[in-house]
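So the chains spell out like this:
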Amino acid sequence: MIPLVDLRLQYSRMKPEMDKVISVVIEDGKFIGGDKVNSFSQEFARYCSAGYCVPCGNGTDALEIALKVLQIGKGDEVIIPAFTFIATLEAVCQSGATPVLCDIDPATYLIDINNCQELISSKTKAIIPVHLYGLMADVASLQELCRKNSLYLIEDAAQAHGASRNNIRSGSTGDFSTFSFYPGKNLGAFGDAGAILTNYANYAQHATKIANHGRLAKYDHDIIGRNSRMDTLQAAILSLKLKYLDDWNQSRQNLARRYFSNLSNVEGLVLPKVPEEAIHVFHLFVVRIKGSKRSELRKFLAAKGIETGIHYPIALSKLKATIEELGINASCPVAENAASEVLSLPMFPELAFEQVDEVCLAIKEFYS
Ligand SMILES: *Cc1c(COP(=O)(O)O)cnc(C)c1O
């Protein structure tokens, strides 16, 4: 059996260290806030080359809080790619703003900057590119577009811990970058957690207040906030794991290279495109299956004990929630086509080369 993702191996390889870190927090008896949360935030800001990191409850909250700080809400429009996890859309809806779905580039699956430009209206307040699958969007061009049109740039970096493009690190630019530490992400907690990164001290302070009941000190509730905090336990776990993140990303890249060399000549199968100027961290390894053969291939692989996934089977423009609840009627043909052809192959740092070879052999067998 070759799983799509297996989180157990990672823990078993670091069990003594991890168990110690966890028991220290439990024995300390402090579970909300404290030094562990502050030190992880500082470490993660440094890792991303960002000025400030505000810890929060999860990656969706991180986006919502960023939008709130920028005072984006009712009557405003926010452009997001039509091909992403629903959280990007949900955050915009929760802010009260109207999401505007932008089509994607067919080769990289990232937001199509030309389409983005066409969608800018007098109501547009921000663009949220998503660094999908571990590949950073072209933030330099997006920044330029935002500057010209006086828009905010919020990067959804939930899938791109450690990625970079043109030597720009994910998390280091824009008005805000947001991260998720959902367990399966490149840097994952043992539960939910998230972070908001920014280079602006006033934004960081405002976000810190929003995430903790509108206060900085115990009962000084300056504004109406909410509860979206990172648990002390999760911070301690993430702090330990952060030390290994570069090694894990390196493993993902080595595994990707193995997939590339094994699958380079399979007709009907399109490999991921990695722009020359990008460092891709392969949160997912996603191929494209031409000719309506995806479900057949999935079944073939499943019969051999090889698990695959689909990220994502339905473009945001075609979701029931988008059409029926939001009443949005957007046409994003490139995203919709991608949704019908993408297939995620097993990818996690502890995956063995032999397992990649086995997956590739099975795929070649299917096509022969
Ligand atoms: C995982 C993810 C999120 C949301 O993160 P949660 O921590 O699950 O709330 C947002 N955007 C993208 C692109 C994601 O992959």
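Nothing here was measured: the structure is a model prediction, and the numbers come from that model.

Here we come to the overall build of the chain. The helix and strand tally for the chain stands at 13 helices and 13 strands. For 368 residues, the compact-globule estimate of 2.2 N^0.38 gives 21 Å, and the C-alpha radius of gyration of the chain, at 21 Å, lies within 12% of that figure. Referenced to the eigenvectors of the C-alpha coordinate spread, the extents of the chain come out at roughly 70 × 55 × 40 Å. Going through the 368 residues of the chain one by one, you find that 54% of them count as buried. Long-range pairs, those at least 24 residues apart, make up 70% of the contacts in the chain with a sequence separation of at least 6. In the structure as shown, the chain presents an accessible area of about 16,300 Å², 49% of it carried by carbon and sulfur atoms. Taking the average place of the 37 positive charges on the side chains of the chain and the average place of its 41 negative ones, the gap between the two points comes to 2 Å.

Another aspect to go through is the sheet that holds strand E12 (residues 285–289). Across the sheet, three strands lie side by side as E10-E12-E13; this open sheet has antiparallel pairing. Edge positions in the sheet fall to strand E10 (269–270) and strand E13 (342–345), since each of these pairs with one other strand and no more. Across two bridges, the pairing between E10 and E12 is antiparallel. If you follow Leu-269 over to E12, its bridge partner there is Ile-289. Each of E12 and E13 is contacted by helix H10 (residues 294–303), which is oriented at about 20 degrees to E13, the strand it contacts most.

If you walk through the whole model with that rule in mind, you get twelve salt bridges. One salt bridge in this structure joins Glu-64 and Arg-226, with 3.0 Å as the shortest N-O distance. Linking Glu-64 in helix H3 (residues 59–69) with Arg-226 in the loop between helix H7 (201–211) and helix H8 (232–242), this pair joins segments that are 162 residues apart in sequence. Looking at Glu-64, the relative accessible area reads 18%, which means it is buried. Close ionic contact of Lys-290 with Glu-341 constitutes a salt bridge, the shortest N to O distance being 3.2 Å. With Lys-290 in the loop between E12 and H10 and Glu-341 in helix H12 (residues 333–341), this pair connects stretches of sequence that are 51 residues apart. By relative accessible area, Lys-290 is classed as partly exposed at 35%.

Moving on to the packing of H3 against H7. Here H3 crosses H7 at 120 degrees, and the two axes come no closer than 9 Å. In terms of orientation, H3 lies oblique with respect to H7. Note that H3 runs across H7; the crossing there is right-handed. Between H3 and H7, the residues in contact are Ile-65, Lys-68 and Val-69 and Tyr-203, His-206, Ala-207, Ile-210 and Ala-211, respectively. Of the residues assigned to the contact of H3 with H7, the class counts are six nonpolar, one polar and one charged.

Turning our attention to the site of the ligand. Around the ligand there are 13 residues in total, and Gly-59, Thr-60, Asp-156, Ser-180 and Lys-185 lie nearest to it. One nitrogen or oxygen atom from the side chain of Asn-58 is found 3.4 Å from an oxygen atom belonging to the ligand. Considered on its own, the ligand offers 380 Å² of accessible surface; in the complex 93% of this is hidden by protein. Looking at the shell around the ligand, the elements that each hand over two or more residues are H3 and helix H4 (86–95). Looking at side-chain class alone, the shell around the ligand contains four nonpolar, seven polar and two charged residues.

Rules used throughout
- Residues numbered from 1 in each chain as written.
- Predicted model: local features only at pLDDT ≥ 70, side-chain atom pairs only at ≥ 80, totals over all residues.
- Heavy atoms only, no water.
- Helix = DSSP H or I, 4+ residues; strand = E, 2+ residues; numbered from the N terminus.
- Rg over C-alpha atoms; globule rule 2.2 N^0.38 Å.
- Buried < 20%, exposed > 50% of the residue type's maximum accessible area, 1.4 Å probe, protein only.
- Contact = heavy atoms within 4.5 Å.
- Areas by Shrake-Rupley, 256 points an atom, 1.4 Å probe, with all protein chains shown as cover.
- Lys, Arg positive; Asp, Glu negative; His and termini not counted.
- Charge placed at Lys NZ, Arg CZ, Asp CG, Glu CD.
- Pairing = 2+ DSSP bridges.
- Axes fitted to C-alpha atoms, helices over the stretch in contact; angles between N-to-C directions.
- Salt bridge = Lys/Arg side-chain N within 4 Å of Asp/Glu carboxyl O.
- Parallel < 35°, antiparallel > 145°, perpendicular 65-115°, else oblique.
- Left-handed = near helix turned anticlockwise from the far one by under 90°.
- Nonpolar A, V, L, I, M, F, W, Y, C, P; charged D, E, K, R; others polar.
- Near = heavy atom within 4 Å.
- Polar contact = N/O pair within 3.5 Å; in protein donor to acceptor, adjacent residues only side chain to side chain.

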